[in-house]
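If you want the building blocks of each chain, they are given just below.
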Amino acid sequence: MSDLEAPLRPKRKKIWVDYFVQFRWILVIFVVLPISFTIYFLTYLGDVRSEWKSFKTRQKEHDENVKKVMKRLRQRNPSKDGLVCTARKPWIAVGMRNVDYKRARHFEVDLSAFRNVLSIDLERMVARVEPLVNMGQISRVTVPKNVSLAVVAELDDLTVGGLINGYGIEGSSHKYGLFSDTVVSFEIVLADGTLVRATKDNEFSDLYYAIPWSQGTLGLLVAAEIKLIPIKEYMKLTYMPVVGNLQDIAQAYCDSFAPRDGDQDNEEKVPDFVEGMIYSPTQAVMMTGRYASKEEAKKKGSKINSVGWWFKTWFYQHAETALKKGEFVEYIPTRQYYHRHTRCLYWEGKLILPFADQFWFRFLFGWLMPPKVSLLKATQGEAIRNYYHEMHVIQDMLVPLYKVGDALEWVHREMEVYPIWLCPHKLFKLPIKTMIYPEPGFELHRRQGDTQTAQMYTDIGVYYAPGPVLRGEVFDGAEAVRKMESWLIENHGFQPQYAVSELSEKSFWRMFDASLYEQTRRKYGAVGTFMSVYYKSKKGRKTEKEVQEAEQAHLDTAYAEIDQPVD
């Protein structure tokens, strides 16, 4: 058997859950889609109402809401009340990460009012926003001004708070890093109810570097200033087909945005946006984009494709046409490009509604898409959720650029999931070691894509039902994820915490660096107030007692190691 050949697997006997999942589209069409559309519409009206208010009024309301949060935290009795968490319902989060921690006794703090854009400062080129502002909302405000966040995560529903405290990436991340790397300042309410502003060069700089990936376990984020960049009205997108083995595809992907001469910071050589989609072990399409003016896009001979219309071919299927017709170029309105994967949820929409990509459905009902991920989660019981954990993969693998080919071969061998999403990002070499960090000494190797200040990484997005499941064969999803996590640890990769994790606590802290995180938790009073990030991410039910006892045992060990004198 060759290295890429999938192992032979026995057939799996179907159970009642299989049939429920197969016909779940009935529930989605008649219940989830109408309710989703209503929620989207009402949310939009609320956002428009907010936009009508002056920035001064929004700031006044923000200050009042912050005072409520500070007061609420100060009311907490540590000896009687549970650990602090937000009052948001567990199913509302977009990510697939387990949220059973909210079933333990907890002390709720309501942050639902924090969903306003507080200011757009075109002189400083920063946007100040509250944590529940989502990507669709902020791009609607900024793009007409010909500015945008440097990193705009593709799905409309993703919020600023989730992208900062968790994980956020976009096709521009090879230039600007992850979403959290573009944040200028964080406004955090600490465990004792104190409001602080953390930047990379003030007295709270340690908190500034510790917040990303902390999942809200250091304090409550109430506002953030985020970097803006100038943009143009259109994205000039080039679709480049690639045929070959997975190593060939990985190299073509690298060559699409990383100059072989190492001139990675040269604006002339590096595109504004990069994305790759692999459709099979031998076929892929690489896309590179550059901002273009309205005048350029409307020149004679240019093709404009408004991908945002509800009846349009789903983006990943449109890109796949390059495999038949060869390389081509088109212009897409910038905001529509930003949210190109929203309507079809990348390609997950095909599993949720098997016929939703057909022209008749798109034309008649495409305006109802997409179903809200939170509602999809709310309408699945324990059995369905466990089924998806075992029979479905929604994972991102963050790996060094030079290991992409090896990672793709591993995914094919162990999971056999297609399409696969590729998106590069800079992992910066910072003055302090954070939870995720580049390989030590990476800058000495001068590998393709790396610079002296950052190592180039890639997000390998693995979202869909694995090949064995589609063929009706036995597949152990939990074991596959465990193997993936082990592979990432061995290859200095990382797993975003929105996903279902099988990591033990020891393995979790082998993947991520605990030192800064634990120091800031102790320094700013988060211990005993906020659940630690591992237990917030941990799969399975947990009681408050279980969490506190296990966390304390971990902290005693971690602090002993941190406080150890250096010889």
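Please refer to the structure higher up on the page.
The structure contained in this document is the topic of the report that follows. Please read these numbers as outputs of a predicted model, since none were measured by experiment.

**Regarding the overall build of the protein**
The secondary structure content of the protein amounts to 23 helices and 15 strands. For the protein, the C-alpha radius of gyration of 23 Å lies close to 24 Å, the compact-globule estimate for 567 residues. Judged by the C-alpha coordinates and their principal axes, the protein covers about 65 × 60 × 60 Å. Considering only contacts in the protein between residues 6 or more positions apart, those separated by 24 or more positions represent 76%. With the model as given, the accessible surface of the protein reaches about 24400 Å², and the carbon-plus-sulfur share is 55%. Between the mean site of the 75 positive side-chain charges and the mean site of the 71 negative ones, the protein shows a separation of 6 Å.

**Regarding the pattern of salt bridges**
Under the criterion given, the structure shown has 27 salt bridges. A salt bridge links Glu416 to Arg471, with the nearest nitrogen and oxygen atoms 2.9 Å apart. A residue pair is termed long-range when its members are at least 10 positions apart, and Glu416 in the loop between helix 17 (404-414) and strand 14 (420-428) and Arg471 in the loop between helix 18 (467-470) and helix 19 (477-490) qualify at 55 residues. For Glu416, a relative accessible area of 19% corresponds to the buried category.

**What to know about the packing of helix 17 against helix 19**
At a closest axis distance of 11 Å, the pairing of helix 17 and helix 19 adopts a crossing angle of 165°. When the interaxial angle is binned, helix 17 and helix 19 end up roughly antiparallel. Considering the relative orientation of helix 17 and helix 19, their crossing is right-handed. When helix 17 is examined against helix 19, the residues Asp406, Ala407, Trp410 and Glu414 are found in contact with a partner set consisting of Ala480, Lys483, Met484 and Trp487.

**Structural notes on the packing of aromatic side chains**
Taken as a whole and judged by the stated rule, the model has 35 aromatic pairs. Ring plane angle 45° and centroid distance 6.4 Å describe the contact between Tyr239 and Phe315, whose orientation is recorded as tilted. With Tyr239 in strand 9 (residues 234-243) and Phe315 in helix 10 (residues 315-320), this residue pair connects regions lying 76 residues apart in the sequence. Note on Phe315: relative accessible area 2%, which makes it buried. Summarising the aromatic geometry, the rings of Tyr534 and Tyr535 are spaced 5.0 Å apart at their centres and angled 80° between planes, so their arrangement reads as edge-to-face. For the pair formed by Tyr534 and Tyr535, the shared burial category is buried. An aromatic cluster of at least three residues, connected via ring pairs, comprises Tyr167, Trp213, Tyr437, Tyr457, Phe494, Phe508, Trp509, Phe512, Tyr517, Tyr534 and Tyr535. Sitting above the plane of the Tyr337 ring, Arg340 keeps its charged end 4.1 Å from the centroid. A cation sits over an aromatic face here: Lys433 above Tyr437, 4.3 Å from the ring centre.

**Re helix 21 (residues 515-523)**
Residues lying three or four places apart along an α-helix face the same way, a consequence of the helix completing one turn every 3.6 residues. Taken as a whole, helix 21 has its buried residues at Leu516, Tyr517, Glu518, Thr520 and Arg521. Where helix 21 terminates, the next one or two residues include Gly525, which has phi positive at roughly 75°.

**So, the sheet that holds strand 9**
Reading across the sheet, the seven strands line up as 12-9-11-10-14-15-13 and stay open at both edges, with antiparallel pairing between neighbours. The sheet terminates laterally at strand 12 (328-333) and strand 13 (393-400), the two strands that pair on one side only. Recorded for the sheet is a direction-independent mean angle of 25° between the axes of neighbouring strands. Bridge count for strand 14 against strand 15 (residues 454-464) is nine bridges, and the pairing is antiparallel.

Each value, and the rule that gives it
- Residues numbered from 1 in each chain as written.
- Predicted model: local features only at pLDDT ≥ 70, side-chain atom pairs only at ≥ 80, totals over all residues.
- Heavy atoms only, no water.
- Helix = DSSP H or I, 4+ residues; strand = E, 2+ residues; numbered from the N terminus.
- Rg over C-alpha atoms; globule rule 2.2 N^0.38 Å.
- Contact = heavy atoms within 4.5 Å.
- Areas by Shrake-Rupley, 256 points an atom, 1.4 Å probe, with all protein chains shown as cover.
- Lys, Arg positive; Asp, Glu negative; His and termini not counted.
- Charge placed at Lys NZ, Arg CZ, Asp CG, Glu CD.
- Salt bridge = Lys/Arg side-chain N within 4 Å of Asp/Glu carboxyl O.
- Buried < 20%, exposed > 50% of the residue type's maximum accessible area, 1.4 Å probe, protein only.
- Axes fitted to C-alpha atoms, helices over the stretch in contact; angles between N-to-C directions.
- Parallel < 35°, antiparallel > 145°, perpendicular 65-115°, else oblique.
- Left-handed = near helix turned anticlockwise from the far one by under 90°.
- Phe/Tyr/Trp six-rings, centres within 6.5 Å; stacked < 30°, edge-to-face > 60°.
- Lys NZ or Arg CZ within 6 Å of the ring centre and 35° of its normal.
- Pairing = 2+ DSSP bridges.

Just distances and angles here, no functional claims.
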